[in-house]
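An overview of the molecular structure
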Amino acid sequence: MGTSSMLLFLAILIFSIGIHVRSDSSDHRYEEGEAVPFYANKVGPFHNPSETYRYFDLPFCSTGKERDKSEALGEVLNGDRLVSAPYTLEFKKEKDTVVVCRKQLTKEEVVKFRDAVKKDYYFQMYYDDLPIWGFIGKVDKEGKTDPSEYKYFLYKHIQFDVSYNKDRVIEISARMDPHSVVDLTEDKEVDAEFMYTVKWKEIDTPFEKRMDKYSQSSSLPHHLEIHWFSIINSCVTVLLLTGFLATILMRVLKNDFMKYAQDEESADDQEETGWKYIHGDVFRFPKYKSLFAAALGSGTQLFALTIFIFMLSLVGVFYPYNRGALFTALVVIYALTSGIAGYTATSFYIQLEGKNWVRNLLLTGCLFCGPLFLMFCFLNTVAIAYSATAALPFGTIVVIVLIWTLVTSPLLVLGGIAGKNSKAEFQAPCRTTKYPREVPPLPWYRSSLPQMAMAGFLPFSAIYIELYYIFASVWGHRIYTIYSILFIVFIILLIVTAFITVALTYFQLAAEDHEWWWRSFLCGGSTGLFIYGYCLYYYYARSDMSGFMQTSFFFGYMLCICYGFFLMLGTVGFRASLLFVRHIYRSIKCE
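Heads up: these notes are all about the structure in this document. Bear in mind that the values here come from a model prediction, so they are computed numbers and not experimental data.

Parameters at a glance
- Residues numbered from 1 in each chain as written.
- Predicted model: local features only at pLDDT ≥ 70, side-chain atom pairs only at ≥ 80, totals over all residues.
- Heavy atoms only, no water.
- Disulfide = S-S within 2.5 Å.
- Helix = DSSP H or I, 4+ residues; strand = E, 2+ residues; numbered from the N terminus.
- Buried < 20%, exposed > 50% of the residue type's maximum accessible area, 1.4 Å probe, protein only.
- Phe/Tyr/Trp six-rings, centres within 6.5 Å; stacked < 30°, edge-to-face > 60°.
- Lys NZ or Arg CZ within 6 Å of the ring centre and 35° of its normal.
- Axes fitted to C-alpha atoms, helices over the stretch in contact; angles between N-to-C directions.
- Parallel < 35°, antiparallel > 145°, perpendicular 65-115°, else oblique.
- Left-handed = near helix turned anticlockwise from the far one by under 90°.
- Contact = heavy atoms within 4.5 Å.
- Nonpolar A, V, L, I, M, F, W, Y, C, P; charged D, E, K, R; others polar.
- Pairing = 2+ DSSP bridges.

**Some details on the state of the cysteines**
Enumeration over the complete set of coordinates arrives at 1 disulfide. Residue pairing for Cys61: its cysteine sulfur links by disulfide to Cys101, the two sulfurs lying 1.6 Å apart. Its S-S torsion of approximately -65° makes the covalent link between Cys61 and Cys101 left-handed. Of the two residues, Cys61 is situated in the loop between strand 2 (53–54) and helix 2 (73–77) and Cys101 in strand 4 (residues 95–105); the sequence distance between them amounts to 40 residues. A residue is classified by how much of its surface remains accessible, and Cys61, at 6% relative accessible area, is buried.

Spelled out as structure tokens, the structure:
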């Protein structure tokens, strides 16, 4: 296939993504009085981050001349639908109470606005690529216990405070005037006069640091030291536990090696026990070898994808409000790493003496993409029913299908052909006997489910604290910027997953159970099940999300993410166990 040329192409493309996303805020210089790009993006319930609508879905002032901004793939996937804002903010030009429009709100429009105020709707805009938020109204509950007595008000006056440094915009905020409101409590027509004010102030913050404000105000800045301390505390605890486990395992193995060496010297006809007893079965290929190889290929691809995403994040590509950069990178890198999945799955399948490599390749291509596609179809249908911006336009779906058809599938096939022709043989230190030994009856706690629960708990405890910050970013309005912490936690997750899986594999073999292949994969991937369990806890205990659309988006997409974690960590667990099993059986004399 020319793996080196593919990797070179991937590196060039990732570099070009980095250049593209940086260019959005490269050189924004303005002269006094010059119009600065100002776009309204979306509105939606504050507690439901996935449920967002176009700005003019609410009956705000519209001149009829608004034009949509052309958007990149990642921006569309992110649910952004930018349209020119009804406000005009020229550079360094102050304005005092400019009327945008006067309009009479009909009963239907009053009800629409009132429902939005009830649900804590916020708006989001972008001025010179800087984000602005604000709530569209307020609920007066003061002194009232009965919800039917609440009063609902729509803000009609916005004050924009803009800071600049020489010829560049540095900062902007929107303040709603609490005294300039429209009463929406009753179902009747009301007159509304929408206005805005603009104030300019010069500051000395350099343009290159204008995004630092969002980085610093993200991820609970006043708790940053506590964040670091809790992560380090968690990591030290988990690494100590892993260290103890490794030490015990090494001592037990050392005793095993000494015992088996003495047995060989004293009596050759002595009956073997423990893991040496099953040396003729331990490298017997697993059931459903095609599915196993496909899971290994998909897990390896997802691992490669994660590593590339971390590389981009650590060099600063995903800076705050770089709209759609993460989604663009995910789509492009997943497409380009499909060759890794094809090569890994097919080469391993051939090593397992599989015959139908084409079917194995099809299974590899569908193992992760299939469930993701079905979930996307369901959730996109829900978004269309809600008329939400999360519903992808037909053109975007065509682009994704073309990427899958013209990039993902050919690379998968090329990787599969390269894997088929790799001529690699499975390295087994022991000969496999013709007939398998019967697995002895084992106590209940040595069965698959209890072992998976034990295997998943320790790695999950290593990432538990960090999960809250990630969820608050993905399913909330916080910005995650501390990728260095996340990368450290990810490395610890891999180490702990490998160690715990190896330990459980040893205990399984010591109990003379030779069916360790699938067990090691399931135990390694079980952390994904714990993460999905955390989703239930987060939804009900830590968030205020509600409604069918938000609930289905949260649990639907998290199911796909946790499934991806299951495949990736399962691959890590199996690879670690395979290295370990080869090592211990290479260290003893097997007849």
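What follows continues from the structure just given.
**Some details on the packing of aromatic side chains**
Where two aromatic rings form a pair, the distance of their centres and the angle of their planes describe that pair. Under the counting rule described, the total for this entry stands at 62 aromatic pairs. Between Phe91 and Tyr164, the ring centres sit 5.8 Å apart and the planes meet at 75°, which makes this aromatic pair edge-to-face. Here Tyr164 lies in strand 9 (residues 157–165) and Phe91 lies in the loop between strand 3 (83–84) and strand 4, a separation of 73 residues in the sequence. Here Phe91 matches Tyr164 in class, with each residue buried. When the ring of Tyr532 is compared with that of Phe555, the centres are 6.4 Å apart and the planes differ by 70°; the resulting orientation is edge-to-face. Remark: Phe555 occurs in helix 16 (residues 548–586) and Tyr532 occurs in helix 15 (residues 527–542); sequence separation between them is 23 residues. Overall, Phe555 belongs to the buried group, its relative accessible area being 14%. Positioned above the aromatic ring of Phe153, the side-chain terminus of Lys138 is 5.9 Å from the ring centre. When the ring centre of Phe426 is taken as origin, the NZ or CZ atom of Arg582, which lies over that ring, is 4.7 Å away.

**Some remarks on the packing of helix 12 (residues 448–474) against helix 14 (residues 517–525)**
One way to put it is that helix 12 packs onto helix 14 with a least axis distance of 7 Å and a crossing angle of 40°. Taken as axis vectors, helix 12 and helix 14 run oblique relative to one another. The handedness of the crossing between helix 12 and helix 14 is right-handed. Only Arg519, Leu522 and Cys523 of helix 14 make contact with helix 12, whose side of the interface consists of Ser448, Gln451, Met452, Ala455 and Gly456. Its residues assigned to classes, the contact of helix 12 with helix 14 comprises 4 nonpolar, 3 polar and 1 charged.

**Focus: the sheet that holds strand 7 (residues 137–140)**
Within a sheet, neighbouring strands are paired by backbone hydrogen bonds and run either parallel or antiparallel to one another. Pairing is antiparallel across the open sheet formed by 3 strands, whose spatial order is 7-8-11. Bordering the open sheet on either side are strand 7 and strand 11 (181–183), each of which pairs with just one other strand. Strand-to-strand twist in this sheet, taken as the mean axis angle between neighbours without regard to direction, amounts to 30°. With 3 bridges connecting them, strand 8 (residues 151–155) and strand 11 associate as antiparallel partners. The partner of Phe153 across the bridge, within strand 11, is Asp183. Along the sheet, helix 3 (residues 107–118) contacts strand 7 and strand 8; its crossing angle with strand 8, the most-contacted strand, is approximately 100°.

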